[in-house]
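The chain contents come next:
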Amino acid sequence: MPAGTLYRGREGMWSWVAHRVTGVLIFFFLFVHVLDTALVRVSPEDYDKVVATYKTPVVALLEYGLVAAILFHALNGLRVIAVDFWSKGPRYQKQMLWSVVGLWLLLMLGAIYPVLGHAARELFGS
């Protein structure tokens, strides 16, 4: 397979960019999570204050974004594995990408209530 075949076309380029961006966002989240968890040993009172901010609607939206990043990164990673290790993968990469996007959208729709339900109840009442 010639170099550059994997990411030929506009869709391939954007999936490559989205995969890298979601990976960086997930890394940033993990870094912040380790720091805030370590805070419990330094100052339990400050840790409680930080955790209290996590129950706000704004953080719920960020959490939904985290779910979106993790889901896309995982599904697209499986697609990249299929393209790399399945002999017919490069031939079907575009179809697999659109399958990943469709599955991602379906799962994100299913995640709306579990992730954002608390924020909606807090903003609009029960």
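Calculation rules
Residues numbered from 1 in each chain as written. Predicted model: local features only at pLDDT ≥ 70, side-chain atom pairs only at ≥ 80, totals over all residues. Heavy atoms only, no water. Axes fitted to C-alpha atoms, helices over the stretch in contact; angles between N-to-C directions. Helix = DSSP H or I, 4+ residues; strand = E, 2+ residues; numbered from the N terminus. Parallel < 35°, antiparallel > 145°, perpendicular 65-115°, else oblique. Left-handed = near helix turned anticlockwise from the far one by under 90°. Contact = heavy atoms within 4.5 Å. Nonpolar A, V, L, I, M, F, W, Y, C, P; charged D, E, K, R; others polar. UniProt positions renumbered as here; feature names shortened; annotations may be inferred. Phe/Tyr/Trp six-rings, centres within 6.5 Å; stacked < 30°, edge-to-face > 60°. 1 Å grid on protein atoms, 1.4 Å probe; cavity = no way out; pocket = protein on both sides within 12 Å on 5 of 7 lines; lining within 4 Å. Points joined across faces, edges and corners; volume = space filled by probe spheres on them. Salt bridge = Lys/Arg side-chain N within 4 Å of Asp/Glu carboxyl O. Buried < 20%, exposed > 50% of the residue type's maximum accessible area, 1.4 Å probe, protein only. Expected span 1.5 Å × (residues − 1). Bend = angle between axes of the 7 residues up to and from the residue. Polar contact = N/O pair within 3.5 Å; in protein donor to acceptor, adjacent residues only side chain to side chain.

Asks: Explain the packing of helix H1 (residues 10-42) against helix H3 (residues 57-85) to me, please; I cannot follow it from the model alone.
Replies: The packing of two helices is summarised by the inter-axis angle and the distance between the axes. The interhelical angle for the contact between H1 and H3, taken along N-to-C directions, is 130°, at an axis separation of 9 Å. Comparing their axes, H3 and H1 come out oblique. In this structure, H1 meets H3 at a crossing whose hand is left-handed. Across the interface between the two elements, Ser-15, Ala-18, His-19, Thr-22, Gly-23, Ile-26 and Phe-29 of H1 pack against Leu-66, Ala-69, Ile-70, Phe-72, His-73, Asn-76, Gly-77 and Arg-79 of H3. Residues belonging to the contact of H1 with H3 are distributed by class as follows: seven nonpolar, seven polar and one charged.

Asks: How do you make sense of the UniProt feature "transmembrane region" (unreviewed entry) in the protein when you look at a structure like this?
Replies: Annotation from UniProt places "transmembrane region" (unreviewed entry) at residues 21-42, 54-75 and 96-116. Secondary structure over residues 21-42 splits into 100% helix and 0% strand, and the C-alpha atoms at its two ends are 32 Å apart. In residues 96-116, helix accounts for 100% and strand for 0%; the two terminal C-alpha atoms are 29 Å from one another.

Asks: Help me understand the packing of aromatic side chains, please; the structure alone is not making it clear to me.
Replies: In this description, a pair of aromatic rings is defined by centroid distance and the angle of the planes. Evaluation of the coordinates by the stated rule reveals two aromatic pairs. Between Trp-86 and Tyr-92 the ring centres are 5.7 Å apart and the planes differ by 20°, which places this aromatic pair in the stacked class.

Asks: Could you clarify how one ought to interpret the layout of surface pockets in this entry?
Replies: Where empty space is left in the structure can be found by rolling a water-sized probe over the atoms. Roughly 530 Å³ of volume is contained in the largest pocket. Elements with a minimum of two residues in the lining of the largest pocket: H1 and H3. Per-class residue counts for the lining of the largest pocket are nine nonpolar, two polar and two charged.

Asks: Which parts of the structure should I look at to understand the pattern of salt bridges?
Replies: It is possible for side chains of opposite charge to pair when their charged atoms get near one another. Applying the stated criterion to the full structure yields one salt bridge. Lys-49 is the partner of Asp-46 in a salt bridge, and the nearest nitrogen-oxygen pair spans 3.9 Å. Residue Asp-46 and its partner Lys-49 are located together in helix H2 (residues 44-53), separated by three residues, close to a single helical turn. Residue classification places Asp-46 among the partly exposed residues on the basis of a relative accessible area of 34%. Assessed through its relative accessible area of 56%, Lys-49 is described here as exposed.

Asks: Honestly, helix H4 (residues 93-124) in this entry has me stumped. Any pointers?
Replies: Helical periodicity: at 3.6 residues per turn, an α-helix aligns residues three or four positions apart in one direction. Relative to the 46 Å expected for 32 residues at 1.5 Å per residue, H4 spans 43 Å between its end C-alpha atoms, a close match to the ideal helical length. The sharpest bend along H4 reaches about 60° and sits at Leu-116. All of the buried residues in H4 are Gln-93, Met-96, Leu-97, Val-100, Met-108, Ala-111, Val-115, Leu-116, Gly-117 and Ala-119. Those residues of H4 that are buried are in contact with H1 and H3. Where H4 ends, the next residue or the one after it, Gly-125, has phi of about 85°, a positive value.

Asks: Just to check I follow, could you spell out H1 for this structure?
Replies: End to end, H1 covers 48 Å across 33 residues, agreeing with the expected 48 Å (1.5 Å per residue, within 8%). Listing the buried residues of H1 in full gives Gly-12, Ser-15, His-19, Thr-22, Ile-26 and Asp-36. Contacts made by the buried residues of H1 are with H2, H3 and H4.

Asks: Quick question: what am I supposed to make of the side chain of Thr-22 here?
Replies: Residue placement: Thr-22 occurs in helix H1. At 3.0 Å, the side chain of Thr-22 forms a polar contact with the side chain of His-73. When near neighbours in sequence (up to four residues on either side) are disregarded, Thr-22 contacts Ala-69, Phe-72 and His-73.

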